[in-house]
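Now for the letters of each chain:
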Amino acid sequence: MGFLIDNIDLFISAFGQTLLISALAGLLALVLGTILAAMRVSPVPPLRGLATFYVEVFRNTPLTVVFFFIIFGLPQIDTVVSPLPGAVLAVGLYTSAFVCEAIRSGINSISAGQAEAARAIGLTFSQSLREVVLPQAFRTVVPPLGNVWIAMVKNTSIAAGFFIADLSALLPRLANAAADELIATLIGVVIAYLLITLPSAAVVSRLEKRAAILR
Amino acid sequence: MTAPILYDNPGPKARRRILIGSIVGMGLILGLIAYVLVKLAGNGQLEGQRWAVLFDPRSSVPQFLADGLVATLQVAALGMVLATILGALLAFGRLSDHRWVRIPVTAFIEFFRAVPLLVVIFAAFLLPPSFGVPISAYAALVVGLTLYNGAVIAEIVRAGILSIDRGQSEAAYGIGMRKWQVMTSILLPQAIRRMLPVLIAQLVVLLKDSSLGFIIGYFELLRSARSLVEFFRVDFGDQYSFQIYVAAALIYILVNVILSIFARWLDKRLARSKKSPEGEGEALPLTVEQFSVGGGANTTL
């Protein structure tokens, strides 16, 4: 325990990195994922095709490979990204594919009558999506989106392999510096992750109860 | 709800707008691709000789990448088998009637579902040596993948067993079967059909997750690619780096797409099969929950 307290600065800054990447990447993924989901149900074929292609590619690529490309591949087209924006970009782009799928399944779960009624009163595609379908879809996707968020927080750990001093990176680092305190380090890192994921799970389940629509 | 419900069949005006939108969209995409290609060509990355190295056995690149792929598949295959076995055992434990089995098993499952896979792998890699037990990167990777995915698979199996109508097990008990018999000859055979698509989706995730070996230094595909690049750097600088990275990524995507297609095919086949216990229920919902490090929830698989 003393070891953890001695290194509390290290843990707090690592925790901050993990939290920062999670928050920024989560925002990016939510925005991009919503746009992708709208594209996937849109009447314009190239947009549909592009979004489908994007989702398929990112769902079938390991996050490590995405990181790899952004950190080592982008410099080949003269675009050097530093580690932090790179990590946000990698996690965000990757997660957006899953956000898109979650929202699309939400859109599909809205009963056809809703969309038919929206159309019958003369709303356009974007109006019916914005005013009728998406507000309801967002409610049904609260649980899956919450799961995506929690999984994404865990996924940010991969940034440890790409020059980010986040929580996971503490393990090999402190394993070298203080080998006999490895178990304490491990406990500290696990607790720090649980500090993010457990409250998230609690918030998700509360939101779920509040957002649920009785049908 | 299918997409066309969201909009009317386009009339002539809307069709023109869609056409214009399509052209503009295509233009943007093509522009982006062109930009990347021009940049790459500007750096001389598109020269045939640079790509030829990928297929030239004398450069030992194909052999190296093949070795990397084999190492990836090896670790993934072993992890898949062990994780499935562990998952099934954990699921039985969690469904047990005895509290002293149920509670520790539940805690075990919840713990490994809450911790990032990379942390589990790091722990498997760093902990044993600190107790004087040597462990290879390969073993650490397999242990990490097994523990983490075993916990996830346990939940899939449990959901599968619980999804079977209660009448089935009641009837089985009614004709005098024992608990073990009910589980193995009534519940599991029906549950397996329902959970198979989700299970396979999770195994695809496991394959993707094996790329984490890169971080602890196991020579899987990605690490092989990286070491090839470092190797060539001595003599040729960064001349071949980009090509090798692209090759490694393409191999990954190809393998995963093949597995996904297989899973989808299996899903369809099972849905068609008359023997499936469907009736009222359908296959287990593919939850995004299984989305893990490697990612793929394959929600709509």
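The structure presented is a predicted model; accordingly, all values stated were derived computationally and were not measured.

Undergrad: Kindly report on the overall build of chain A, identifying the contributing residues and their values.
TA: For chain A, the count of helices and strands is ten helices and zero strands. In chain A, the succession of helices and strands from N to C terminus is α-α-α-α-α-α-α-α-α-α. Over its C-alpha atoms, taken along the principal directions, chain A stretches across nearly 70 × 45 × 20 Å. Looking at the 215 residues of chain A, the share that counts as buried comes to 47%. Summarising the internal contacts of chain A: among those between residues at least 6 apart in sequence, 73% fall at separations of at least 24.

Undergrad: How would you summarise the overall build of chain B if you had to cite specific residues and measurements?
TA: Secondary structure assignment for chain B yields eleven helices and zero strands. In sequence order, chain B lays out its α and β elements as α-α-α-α-α-α-α-α-α-α-α. Partitioning the intrachain contacts of chain B with sequence separation of at least 6 by distance along the chain shows that 74% fall at a separation of at least 24.

Undergrad: Requested: an account of the interface of chain A and chain B, with residues and values cited.
TA: Each partner contributes to the interface: chain A provides 58 residues, whereas chain B provides 55 residues. Residues of the side of chain A that touches chain B, tallied by class, amount to 38 nonpolar, 14 polar and six charged.

Undergrad: Any chance you could break down unusual backbone geometry for me, citing the residues and the numbers?
TA: Of note, Phe163 of chain A is a non-glycine position whose phi angle comes to about 70°, a positive value. Note that Phe163 of chain A resides in the loop between helix H8 (142-155) and helix H9 (167-177).

Undergrad: Tell me what's going on with the confidence of the model for chain A, and back it up with residues and numbers.
TA: In low-pLDDT regions, the fine details of the predicted coordinates are not to be read closely. For chain A, per-residue confidence averages 84 on the pLDDT scale, and 97% of positions sit at 70 or higher. Considering each helix and strand of chain A separately, the mean pLDDT is smallest for helix H1 (residues 2-6) of chain A, with a value of 73, and largest for helix H2 (residues 8-40) of chain A, with 90.

Undergrad: Requested: an account of the packing of H9 of chain A against helix H10 (residues 182-211) of chain A, with residues and values cited.
TA: Residues and elements named next belong to chain A. Here H9 crosses H10 at 175°, and the two axes come no closer than 10 Å. Taken together, H9 and H10 sit at an angle that is classed as roughly antiparallel. Only Leu182, Thr185, Leu186, Val189, Ala192 and Tyr193 of H10 make contact with H9, whose side of the interface consists of Leu167, Ser168, Leu170, Leu171, Leu174 and Ala175. Considering only residue class, the contact of H9 with H10 consists of ten nonpolar, two polar and no charged.

Undergrad: Before we move on, can you summarise helix H4 (residues 99-114) of chain B with the specific residues and values?
TA: Residue and element names in this part refer to chain B. Across its 16 residues, H4 extends 22 Å between first and last C-alpha, which sits within 8% of the 22 Å expected from 1.5 Å per residue. All buried positions along H4 are accounted for by Val105, Ile109 and Phe112. Viewed end-on, H4 has its buried residues packed into an arc of 75°, placing them on one side of the element. Away from the buried face of H4 by more than 90 degrees, exposed residues Arg99, Trp100, Pro104 and Ala107 are located. Buried residues in H4 make contact with helix H3 (61-94), helix H5 (117-130) and helix H6 (137-162).

Undergrad: For the packing of helix H7 (residues 166-174) of chain B against helix H8 (residues 179-209) of chain B, give the residues involved together with the corresponding values.
TA: Residues and elements named next belong to chain B. The contact between H7 and H8 brings their axes to 10 Å, and the two run at 160°. Judged by the inter-axis angle, H7 sits roughly antiparallel to H8. Considering the relative orientation of H7 and H8, their crossing is right-handed. Side by side, H7 and H8 meet where Gln168, Ser169, Ala172 and Tyr173 of the first sit next to Val182, Ile186, Leu187 and Gln190 of the second. In terms of residue class, the contact of H7 with H8 is made up of five nonpolar, three polar and no charged.

Undergrad: I'd like to hear about the nonpolar core, residue by residue, with values.
TA: One finds Val66, Ala90 and Leu171 of chain A together with Leu118, Val120, Ile121 and Ala248 of chain B to be the most contacted residues of the largest nonpolar core, which totals 134 residues. Sort the elements by how many residues they give to this core and H6 of chain B lands first, with 14 residues.

Undergrad: Can you break down the environment of Val31 of chain A residue by residue, with the values?
TA: Residues and elements named next belong to chain A. Relative to the assigned elements, Val31 resides in helix H2. Given 13 C-beta atoms within a 10 Å radius, Val31 is considered partly exposed. Placed 119 residues apart in sequence, Val31 and Ile150 show a C-alpha to C-alpha distance of 17 Å.

About the cut-offs
Per chain, residues are indexed from 1 in the order of the written sequence. Going through the entries in the order they are written, you letter the chains from A and number the ligands from 1. For a predicted model such as this one, the threshold for reporting local features is a pLDDT of at least 70, and the threshold for listing and counting side-chain atom pairs is 80 or more; totals across whole chains, interfaces and linings nevertheless cover every residue. The numbering of helices and of strands both runs from the N terminus, where a helix is a DSSP run of H or I of at least 4 residues and a strand a run of E of at least 2. With C-beta atoms placed from the backbone, a residue counts as buried when 20 or more other C-beta atoms lie within 10 Å of its own, as exposed when 12 or fewer do, and as partly exposed for counts between those limits. Whether two residues are in contact depends on their C-beta atoms, placed from the backbone: they are in contact if these lie within 7 Å. Lys, Arg, Asp and Glu make up the charged group, whereas Ala, Val, Leu, Ile, Met, Phe, Trp, Tyr, Cys and Pro make up the nonpolar group; the residues left over, Gly among them, are polar. What pLDDT expresses is the predictor's confidence in each residue, scored from 0 to 100. Helix axes use the C-alpha atoms of the stretch in contact, all axes being lines fitted to C-alpha atoms, and the angles between their N-to-C directions lie in the range 0 to 180 degrees. The scheme is simple: roughly parallel for angles under 35 degrees, roughly antiparallel for over 145, roughly perpendicular for 65 to 115, oblique for anything else. Here the expected length of a helix is defined as 1.5 Å per residue gap, with one fewer gap than residues. This arc is taken over the directions from the axis of the helix to the C-beta atoms. Note on convention: near helix rotated counterclockwise from far helix by under a right angle means a left-handed crossing. Clockwise means right-handed. Residues of type Ala, Val, Leu, Ile, Met, Phe, Trp, Tyr and Cys that are buried and joined through C-beta atoms within 7 Å form what is called a nonpolar core.

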